[in-house]
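Structural features, examined
The chain contents come next:
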Amino acid sequence: MANDKEIAVRRFYEALSTGDSALVDEALAAGWEAVPALRTGGGPEGWKASIAHLRGVFSDLTVEIEQVLVDRDMVAVRSVNRGKHTGALLGVEGTGREVEFRAADFHQVVDGRIVRTWHLEDYFAIATRIGAEITRGA
């Protein structure tokens, strides 16, 4: 049975998968911090803007949670995200290609709300699938 920490985290991903911004308000604390910081800004409003952006880039975006681990105030999640690349990303206009990429997140949850999220995403998989130019450093 899910506890309040896991429920908050599942709402976080459901908001991304459905675009339902009301779920963001249920999942995140007012001062929520993303690490690294979101380009769309901080707090719940920044996550809502990121959701809108991602759902514009990837039509039919879905998030499948593969694993959830809860330890004290931390919740770790492995997920796979899928969608059709229909909007501009990484300098590449929408290609119509199906894209699949994995992510790993660590959420700190206090009083049933996520206060901080550390996010790692497989940008290389996205870039290669949409045909973004990848250069190697010297």
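The structure contained in this document is the topic of the report that follows. Throughout this description, residue numbers start from 1 for each chain and increase along the sequence as written. The predicted origin of the model limits local features to residues at a pLDDT of at least 70 and limits the giving and counting of side-chain atom pairs to 80 or more, whereas totals for whole chains, interfaces and linings rest on all residues. Neither water nor hydrogens contribute to the side-chain values; these are computed over all heavy atoms in the structure.

**Looking at unusual backbone geometry**
The omega angle of the peptide bond from valine 35 to proline 36 is 0 degrees, so this bond is cis rather than trans. On the secondary structure map, proline 36 appears in the loop between strand S1 (28–35) and helix H3 (43–57). Residue aspartate 60 is not a glycine yet carries a positive backbone phi of 60 degrees. Helix and strand labels come from DSSP, where a helix needs a run of H or I of at least four residues and a strand needs a run of E of at least two; each type is numbered from the N terminus. Mapped onto the elements, aspartate 60 comes out in strand S2 (residues 58–71). Residue leucine 90 is not a glycine yet carries a positive backbone phi of 55 degrees. Structurally, leucine 90 is set in the loop between strand S3 (74–85) and strand S4 (98–110).

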